[in-house]
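Single-letter residue listing:
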Amino acid sequence: MTAALQEPPARPPQAGSGIGGAPGRAMRSTTLLALLALVLLYLVSGALVFQALEQPQEQQAQRELGEVREKFLRGHPCVSDQDLGHFIKEVADALGGGANPDINSTSHSNYSAWDLGSAFFFSGTIITTIGYGNAALRTDAGRIFCIFYALVGIPLFGILLAGVGDRLGSSLRRGIGHIEAIFLKRHVPPELVRVLSAVLFLLIGCLLFVLAPTLVFCHVEGWSKLEAIYFVIVTLTTVGFGDYVAGASPKQNSAAYQPLVWFWILFGLAYFASVLTTIGNWLRVVSRRTRAEMGGFTAQAASWTGTVTARVTQRGGPTASPPPEKERPLLPPPPSSAQPAGRPPSPAPPEKAEPPSPPTASALDYPSENLAFIDESSDTQSERGCALPRAPRGRRRPPNPARKPERPRGPGRPRDKDVPV
């Protein structure tokens, strides 16, 4: 009865049961659609904000260009409107090809956008996937080479970035660990120490890779603080619009300036990768702990439900209807009420809780052997008050064993005559 009342164990969560599932499980369709809707809503809201902020400025620039064009035509009546339009188009194409209107053949005769330092910086923007766009390839051979160069260089740089990020993060955490030890010696709560260490990790990285480069670019490039920090963030997030590029001005004639900027990009991207890795590890730990706690709660709830159900069923047991005869497990036959002469009646064995019944499939393999075992075990129970282990299945009894003398079976319990002995 107890075995029949036990609740089945809680089933493990199915694959793709949620965001916090185990790694490798697919996200549910509803979650994926909700995330897609959220991203689309975010894009539409950003588009509306940028349109409201930038479209008036664009219209104002277009009106100013038209006014300057009309003023030039009035001051130079010999130049036609068609010639001026053709000249503006040629200038735009030259600017797109890398030409700089601030230089001419006399003042900056040695300047080139493709010197060794600038070419090194351009190659670095390819493998870092920043792609400023201020310098573009104009030859077919250069474009073909760029395709294969990017396919090989981007994975190679990814491996380098992972290694540098791990080493940089370990160095920063080691330094912060000494600060944590100082706080712990002063009996600061561990939770507060963890929060302080995370804040220090972010502050040190921002100081080294955001604030310090911002001040350097303000001094070297002549940008404002907003323009410098705008360039830093756009670069380290690999957006790379190209409206502000370090070293693109003809005034920068140092060949080592742009390679140094690329090394700053390398360490800055490694720091951001380390921060993202730390956040990912923290989220995995939180998700794992949450799943463990929810699994413990589920197990406790299932155990409590099974216990309550078993107790309620045991209290209502006498009134419960017995199971059908065909489903009742094989039990020892009841003892006979007949007492042999000259022997005192033996006391009935104490009632014990019956273990869960075994499957009936094994009891149907050898019916005569099982019934013989029941007869022998019932005799032994009357003498010793305990059951003997079942005989091995491989041993068979003789076809006609000698009949044993009947023994007392307990008062009021007749022997079942249908069971062979």
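Remember, it's a predicted structure, so these values are computed and weren't measured experimentally.

Colleague: Help me understand the side chain of Gln-258 in this model?
Modeller: Tracing the backbone through its elements, the reader meets Gln-258 in helix 8 (residues 257-315). For Gln-258, a relative accessible area of 8% translates into the label buried. Sequence-distant contacts of Gln-258, that is, excluding residues within four places in its chain, are made with Gly-117, Ser-118, Phe-121, Ala-246, Gly-247 and Ala-248.

Colleague: Help me understand the side chain of Thr-125 in this model?
Modeller: As for its position among the elements, Thr-125 is in helix 4 (residues 116-127). For Thr-125, a relative accessible area of 7% translates into the label buried. For Thr-125, the contacting residues outside a window of four places in its chain are Ile-130, Gly-131 and Tyr-132.

Colleague: Looking at this model, I keep getting lost on the packing of helix 6 (residues 190-221) against helix 7 (residues 225-236). Mind explaining?
Modeller: Each packed pair of helices is defined by two parameters, the angle between the axes and the distance between the axes. Direction vectors running N to C along helix 6 and helix 7 enclose 130 degrees, while the axes themselves pass 9 Å from each other. Overall, the two elements helix 6 and helix 7 adopt an arrangement that is oblique. Two packed elements cross with a definite hand, and for helix 6 against helix 7 that hand is right-handed. Listed contacts from helix 7 to Phe-209, Val-210, Pro-213, Thr-214, Phe-217 and Cys-218 of helix 6 are Lys-225, Ala-228, Ile-229, Phe-231, Val-232, Ile-233 and Leu-236. Along the lines of polarity and charge, the residues of the contact of helix 6 with helix 7 split into 11 nonpolar, one polar and one charged.

Colleague: Looking at this structure, I do not really get the pattern of salt bridges. What am I missing?
Modeller: Side-chain pairs of opposite charge can arise whenever the charged atoms involved come near each other. Applying the stated criterion to the full structure yields two salt bridges. Between Arg-69 and Asp-81 there is a salt bridge; the shortest N-O distance is 2.5 Å. With Arg-69 in helix 2 (residues 29-75) and Asp-81 in helix 3 (residues 81-96), this residue pair connects regions lying 12 residues apart in the sequence. Residue class for Arg-69 comes out partly exposed when judged on its relative accessible area of 30%.

Colleague: Is there a simple way to think about the packing of aromatic side chains in this case?
Modeller: Aromatic ring pairs: the centre-centre distance and the angle between the two ring planes describe each pair. Under the definition given, this model contains 17 aromatic pairs. Consider the rings of Trp-114 and Phe-122, whose centres lie 5.0 Å apart with planes at 75 degrees: the pair is edge-to-face. The exposure class of Phe-122 is buried, given its relative accessible area of 18%. Consider the rings of Trp-223 and Tyr-244, whose centres lie 5.5 Å apart with planes at 80 degrees: the pair is edge-to-face. With Trp-223 in the loop between helix 6 and helix 7 and Tyr-244 in the loop between helix 7 and helix 8, this pair connects stretches of sequence that are 21 residues apart. On the basis of relative accessible area, Tyr-244 is assigned to the partly exposed category, the value being 25%. In this structure an aromatic cluster arises from ring pairing among Phe-121, Tyr-132, Phe-217, Trp-223, Tyr-230, Phe-231, Tyr-244 and Trp-264.

Reading guide: rules and limits
- Residues numbered from 1 in each chain as written.
- Predicted model: local features only at pLDDT ≥ 70, side-chain atom pairs only at ≥ 80, totals over all residues.
- Heavy atoms only, no water.
- Helix = DSSP H or I, 4+ residues; strand = E, 2+ residues; numbered from the N terminus.
- Buried < 20%, exposed > 50% of the residue type's maximum accessible area, 1.4 Å probe, protein only.
- Contact = heavy atoms within 4.5 Å.
- Axes fitted to C-alpha atoms, helices over the stretch in contact; angles between N-to-C directions.
- Parallel < 35°, antiparallel > 145°, perpendicular 65-115°, else oblique.
- Left-handed = near helix turned anticlockwise from the far one by under 90°.
- Nonpolar A, V, L, I, M, F, W, Y, C, P; charged D, E, K, R; others polar.
- Salt bridge = Lys/Arg side-chain N within 4 Å of Asp/Glu carboxyl O.
- Phe/Tyr/Trp six-rings, centres within 6.5 Å; stacked < 30°, edge-to-face > 60°.

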